[in-house]
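# Overview (structure and organization)
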Amino acid sequence: MKKVLFLTSHLFSGSSAYFDILNLNHRIQGHRLEMAYGSPHAYKHLTDNRHKLNTRAAVWMDELLFSHLFSTESFYSGGKFIYIVRDPIPTLNGIVSHHKYSPEGATRYYCYRLGRICEMAKRTPGAILLLWEDLQTGRFNEEVGKYLNLKTNILNSSNYFEAYQKESPDVIPTEMKKWAERSYERHLYFLKKQNLRYWK
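Let me sum up the structure you'll find in this document. What you are looking at is a predicted structure, and each value in this text was computed from that prediction instead of being measured. (Residues numbered from 1 in each chain as written. Predicted model: local features only at pLDDT ≥ 70, side-chain atom pairs only at ≥ 80, totals over all residues. Heavy atoms only, no water.)

## With respect to the pattern of salt bridges
Following the criterion strictly, the structure yields nine salt bridges and no others. Its salt-bridge partner being K177, residue D170 comes within 2.7 Å of it at the nearest N-O pair. In this structure K177 comes out as buried when scored by relative accessible area, which is 19%. Each of D20, R32 and E63 takes part in salt bridges that share partners, so that together they form one network. (Salt bridge = Lys/Arg side-chain N within 4 Å of Asp/Glu carboxyl O. Buried < 20%, exposed > 50% of the residue type's maximum accessible area, 1.4 Å probe, protein only.)

## A word on the state of the cysteines
Considering all chains together, one arrives at zero disulfides under this definition. Considering cysteine sulfurs only, C118 is the nearest to C111, which forms no disulfide, with 12 Å between them. Of the residues examined, C111 reaches a relative accessible area of 9% and is grouped as buried. (Disulfide = S-S within 2.5 Å.)

## A look at the sheet that holds strand β1 (residues 3-8)
With parallel pairing, the five strands of this open sheet are ordered in space as β2-β3-β1-β4-β5. Both outer strands of the open sheet, β2 (28-30) and β5 (128-131), are each paired with one neighbouring strand and no more. Mean inter-strand twist for the sheet, computed between neighbouring axes without regard to direction, equals 25°. Across four bridges, β1 lies against strand β4 (residues 80-85) in parallel orientation. For L7, the partnering residue across the bridge sits in β4 and is I82. Of the strands in this sheet, β4 and β5 touch helix α9 (residues 174-193), which is tilted by about 145° from β5. (Pairing = 2+ DSSP bridges. Helix = DSSP H or I, 4+ residues; strand = E, 2+ residues; numbered from the N terminus. Axes fitted to C-alpha atoms, helices over the stretch in contact; angles between N-to-C directions. Contact = heavy atoms within 4.5 Å.)

## Let's talk about the packing of helix α5 (residues 103-122) against α9
A packed helix pair is summarised by two numbers, namely the angle formed by the two axes and the spacing between the axes. Where α5 contacts α9, the two axes come as close as 10 Å, and the packing angle between them is 10°. Comparing the axis directions of α5 and α9 gives the class roughly parallel. Taking contact as the criterion, the partners of P103, E104, T107, R108, Y110, C111, L114, G115, I117, C118, A121 and K122 in α5 are, on α9, M176, W179, A180, S183, Y184, H187, F190 and L191. (Parallel < 35°, antiparallel > 145°, perpendicular 65-115°, else oblique.)

## Focus on unusual backbone geometry
With glycine set apart, most residues show a phi of negative sign, and most peptide bonds adopt trans. Positive phi, close to 60°, is recorded for F12, a residue that is not glycine. If you trace the backbone, F12 turns up in the loop between β1 and α1 (15-22). Accessibility expressed as a relative area gives 7% for F12, which makes it buried. Even without being a glycine, K100 presents a positive backbone phi close to 65°. Positionally, K100 belongs in the loop between α4 (88-99) and α5.

Right, here's the structure in full:
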């Protein structure tokens, strides 16, 4: 089976910028297909796309930001997974500002998505968990490179994250903030208890 990396996150976490950084590596070819992985045909559809490397070392990558995009159990053992989560307040305001969600819609999406990420993490022991702060600093890029068996370093460039660093208008009601903060703390605690590669 060809090598596949699923970069799994939620909107406005910084995962899209990290996708672009990983995509610079000669062994990784990213394709944002927004395709539901519900059958083996979907997996093949990803790996049938072009790759800049024509050897068995090639890794295909897709970004998963919505819960309906991944539902095939057999893919858990066949791919690599990197999970990325970000704390709620800048995330929710960013989702509303950049993705045109309502405050309630953004909060519901975020909390539900965290739960789905936890469900996936249970099935992928040894996968990597990164937080927003880890993306900014690039401090675990070397470990990510080892996880993906890359021989060249992953670029560490804060320029990719500039759009995520700017403060968006605060439009989230207090009760929704509390709901999202409780959800984040609970799910992050769960993720850290899983058999994931997480470096404190």
